[in-house]
Amino acid sequence: MSKKLLLDKINVPGIKTFEVYRREGGYQSVEKALKMQTGDIVEEVKKSGLRGRGGAGFPTGLKWSFLAKPEGVARYLVCNADESEPGTFKDRYLMEFIPHLLIEGMITSSFALGSNVSYIYIRGEYDWVADILQAALDEAKQNGFLGKNILGSGFDCEVYLYRGAGAYICGEETALLESLEGKRGLPRIKPPFPAVKGVWGCPTVVNNVETICAVVPIINEGGDAYAKIGVGKSTGTKLISACGNINKPGVYEIDMTISVEEFIYSDEYCGGIANGKRLKACIPGGSSVPILPANLLLKTAKGEPRLMNYESLADGGFITGSSMGSGGFIVLDEDQCVVRHTYTISRFYHHESCGQCSPCREGTGWLEKIFKKIETGKGEMKDIDLLWDVQRRIEGNTICPFGDAAAWPVAAAIRHFRDEFEWHVLNPEECLVRNFGLAHYADALEAVTS
Amino acid sequence: MPEEQEQLFTITIDGVTIEVPKGTTILNAARQIGPSVAPPAMCYYSKLEGSGGKCRTCLVEVAAGSTKDPRPMPKLVASCRTEVMDGMIVKNVTSEKAIDARHGIVEYLLINHPLDCPICDQAGECYLQDLSYNNGEVGTRYEFKRRTFVREDIGPYIQLHMTRCILCYRCLMVADQLTDSRTQGILLRGDASEISTYISKAIDNDFSGNMIDVCPVGALTDRTYRFKNRVWFLKPVDAHRDCDKCCGKVTLWNRGEEVFRVTSRKDPWGEVQIIDGKAAWICNTCRFEKKKTDDWIIDGPTKIDRHSVISTNHYVEKVIPPDPLKEVLFGREPLLLMDIQETSEVNSQDIDLSILPGPATSTTFIERDEQKEIEEADAERLAINDHKKP
């Protein structure tokens, strides 16, 4: 049983209320931080090696130190709670069951960054979570942790909850800022980066919910203690939201030293594949990262066991590896059809494309239509090559990473499961009634699991 | 007191080095060199603040970021929004990656753009026509349904044909920056998004007509000119009048004595000219209501660099880069429209067209050069016969 930093108190009855949360040792980090120098807090976060939990994995301390500090200009902290990646639901779990942890992290981080007004941008669909968070914010304010002169330190901080209108693209930080300003949620062209020119044209830091929550244990226990957990540059604990064909779907806090095999098969975590089926493939970091077949998922191309951390999951690049992403762990068993699965993902990205830049606007729709053609048994061999060509010309040519996110799953599906695509083309009637199954991946899998 | 020296950055684009002031974008630096290295731009409009970055046709490869940090940039960058750094090395037409990406972009843009050029008023001065001529594929690989819209009259002067729109957002910027209030906007998102005035409200503003000028395709057209004539049959004439709303300096498009349409004066990049330090936008009165020659004081014929249907001046070479095109085209010479000058006698410069009795055709010259041709044919035959001899 690994150490839990974020979820250890989650089962305490009434932890949603300020009273219970405070009794369980909550808001200690605020008290501690307000006595520290702001530079020391940033230094502590740097030492902890905390990496952004939203998907890109950029070191948080470094991001904080990039924040421009011109005289007389307000600085802002924005919490990105627009968790819309299919397969990722860790932030909702935190906000729904232990909302004060996020608020505590917000106050501490706001103090470190010198932000007197901070925002939590929550996705529109989380309406009940927004109510929970708002209630918690009100409680925190009543108890003097928000507002003017917090705990007599002279530091003023207001945290506002802002509800999005339900767009995936608003999870991209600059689109989020546009939406926060009340405009259309279109990603900005970078540079300037938000650290220089963010919300209302002022320097802004945008962090994921889990990142901000992780600041709390870092301040409480010190950056060095946090850095000791985990391995290499993957320090601390990470929330993984596991779903798909597994026995125990849910949110798990892991310390990034366990192997993928242990995570899927041990009873502590996912509890194996449901219904006694076999593992076919897995998306380890939310829908936008490349899918991996079972043999490459459990072992890297070098034959080493793959671990649940940033480096190991990315081992082999996108050719034989994938990415930690936002921690949405989607498991596919032998009955799942990769073509249909990727079609679903493409349909999502087509629906969510903001339409600002042309490759993404036109390309995602095109991808979806080709997938539909292949999946419904009307595909031709040239369509597979066309899919490859279309995704290749979207990737890297767009304003924001959305284009990459739409292209990577398609590229990986064709790279690893091309025979399944070809089977769809060659058996147009059969593909409507049955799935491709494990094919030759079964052999590789048995060799790994035995 | 000596003026503070403006900081100059050295930038190399396709092998041509130029010094530009700090803060210039790559695209503008390339335009200073000349049309042969300037990346195409569908959404960027130098006179509109905040434009650019959306169409991605101007993507270029940055082979070296700067003298200080000579690493190449990992991705292609949008040259219209990327500022130059000292010692930057940029590859545009010499970069296979950039050319390939541009071909992709053209294909994407043409997915939902109708091929109605034969009946489109923009044909002949259309940016997309120009772009796909230079960078397009032979055919499309798209075989699904295309998005279509019903044509919409927005106000008495402008018609919106959303089917043709490539969503460059320029018309929104005109509304934001030239007029008092913006009445049109983008509805929906992704490939379903459309420019609309919402419940078809009419756009009624003195400067709204400039939207037609900035539209790179035929999505916004002049209702007073629709289907009246083809652009290439009209003769552009510079003219001016005293106008209390705008500068009054325009281009008239005449056929004979009749004024068919009025537009603002365009620079070689198809953008509105800067006259007396200000962009010469024109008002709706000048554009739509003054269609008589008497209304105007003629300044003389518009000076256009020698070019054909396409107005962006790709074919007049000012500075010739060290032959990068051959490299890209696998040793082939560029087959551009104006190369016809070199091969066709009709357009060759040494013939005085005024002495011909009617419009010149290529057969006009056949008789004149008949004797020469016969001689050449004889010489050729002799050469073949010589070759056959053992």
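The rules behind the values
Residues numbered from 1 in each chain as written. Chains lettered and ligands numbered in written order. Predicted model: local features only at pLDDT ≥ 70, side-chain atom pairs only at ≥ 80, totals over all residues. Heavy atoms only, no water. Pairing = 2+ DSSP bridges. Helix = DSSP H or I, 4+ residues; strand = E, 2+ residues; numbered from the N terminus. Axes fitted to C-alpha atoms, helices over the stretch in contact; angles between N-to-C directions. Buried < 20%, exposed > 50% of the residue type's maximum accessible area, 1.4 Å probe, protein only. Expected span 1.5 Å × (residues − 1). Contact = heavy atoms within 4.5 Å. Buried area = accessible area lost by both parts, 1.4 Å probe. Salt bridge = Lys/Arg side-chain N within 4 Å of Asp/Glu carboxyl O. Polar contact = N/O pair within 3.5 Å; in protein donor to acceptor, adjacent residues only side chain to side chain. Nonpolar A, V, L, I, M, F, W, Y, C, P; charged D, E, K, R; others polar. Patch = residues over 30% accessible without salt bridge, like charges linked within 9 Å, V, L, I, M, F, W, Y side chains within 5 Å. Areas by Shrake-Rupley, 256 points an atom, 1.4 Å probe, with all protein chains shown as cover. Lys, Arg positive; Asp, Glu negative; His and termini not counted. Charge placed at Lys NZ, Arg CZ, Asp CG, Glu CD. Right-handed = clockwise from strand over helix to strand, strands pointing away.

On to the sheet that holds strand β13 (residues 258-264) of chain B, then. All names here are of chain B. Read from one edge of the open sheet, four strands run β13-β12-β11-β16, paired in antiparallel fashion. What marks the edges here is a single partner per strand, and that holds for β13 and β16 (297-301). Neighbour-to-neighbour, the strand axes of this sheet turn through a mean angle of 35 degrees, independent of strand direction. Judged from the six bridges that link them, strand β12 (residues 249-255) and β13 form a sheet pairing that is antiparallel. Paired with Leu252 across the strands is Val262, a residue of β13.

Residue and element names in this part refer to chain B. Structurally, Asp204 is set in the loop between β9 (194-196) and α5 (210-214). Relative accessible area serves as the criterion here: at 71%, Asp204 is assigned to the exposed category. Along the sequence, Asp204 and Thr179 sit 25 residues apart, while their C-alpha atoms lie 9.8 Å from each other.

Moving on, we come to helix α2 (residues 96-111) of chain B. All names here are of chain B. The terminal C-alpha atoms of α2, which comprises 16 residues, lie 23 Å apart, in line with the 22 Å expected from a rise of 1.5 Å per residue. Summarising burial for α2: 12 of the 16 residues are buried, a large majority. What α2 keeps buried is the set Ala98, Ile99, Ala101, Arg102, His103, Gly104, Ile105, Val106, Glu107, Tyr108, Leu109 and Ile111.

Looking now at the interface of chain A and chain B. In this complex, chain A contributes 36 residues to the contact, which on the side of chain B involves 35 residues. Here chain A packs against chain B, burying approximately 2900 Å² in sum over the two surfaces, 48% of which is carbon and sulfur. Our enumeration of links across chain A and chain B arrives at nine salt bridges. Where A:Asp404 meets B:Lys75, a salt bridge forms, and the shortest distance between an N and an O atom there is 3.3 Å. Remark: the boundary between chain A and chain B carries 22 residue pairs in polar contact (both at pLDDT 80 or more). Of all the elements in the fold, those that place two or more residues in the side of chain A that touches chain B are α15 (338-352), α16 (358-375) and α17 (381-394) of chain A. Counting residues per element, the side of chain A that touches chain B draws most heavily on α16(A), which supplies 10 residues. By residue class, the composition of the side of chain A that touches chain B is 12 nonpolar, 12 polar and 12 charged.

Residue and element names in this part refer to chain B. On the surface, a cluster of negative charge is made up of Glu373, Glu375, Glu376 and Glu380. Positionally, Glu380 belongs in helix α10 (residues 370-388). Since its relative accessible area comes to 53%, Glu380 is described here as exposed.

As a further point, take unusual backbone geometry. Between A:Lys190 and the following residue, A:Pro191, the backbone shows a cis peptide bond with an omega angle of -10 degrees. Mapped onto the elements of the fold, A:Pro191 is located in the loop between α8 (173-180) and β4 (204-208). The omega torsion of the bond from A:Pro191 to A:Pro192 falls at 5 degrees, within 30 degrees of zero and hence cis. When you line up the elements, A:Pro192 lands in the loop between α8 and β4. Of note in the backbone geometry, A:Asn275 takes a positive phi value of approximately 60 degrees without being a glycine. Look at A:Asn275 and you get exposed, because its relative accessible area is 70%. If you check the backbone angles, B:Arg56 has positive phi at about 70 degrees while not being a glycine. As for its placement among the helices and strands, B:Arg56 is situated in the loop between α1 (26-33) and β3 (59-64).

Residues and elements named next belong to chain A. With six bridges joining them, strand β2 (residues 115-122) and strand β3 (residues 158-163) adopt parallel strand pairing. If you follow Ile120 over to β3, its bridge partner there is Leu161. What joins β2 to β3 is helix α7 (residues 127-142), and the crossover it makes is right-handed.

Counted according to the given criterion, the structure contains 52 salt bridges over all chains. Where A:Glu181 meets A:Arg188, a salt bridge forms, and the shortest distance between an N and an O atom there is 2.9 Å. Look at the salt bridges and you will find they share partners, linking A:Asp389, A:Arg392, A:Arg393, B:Asp100, B:Glu107, B:Glu137 and B:Arg141 into a network.

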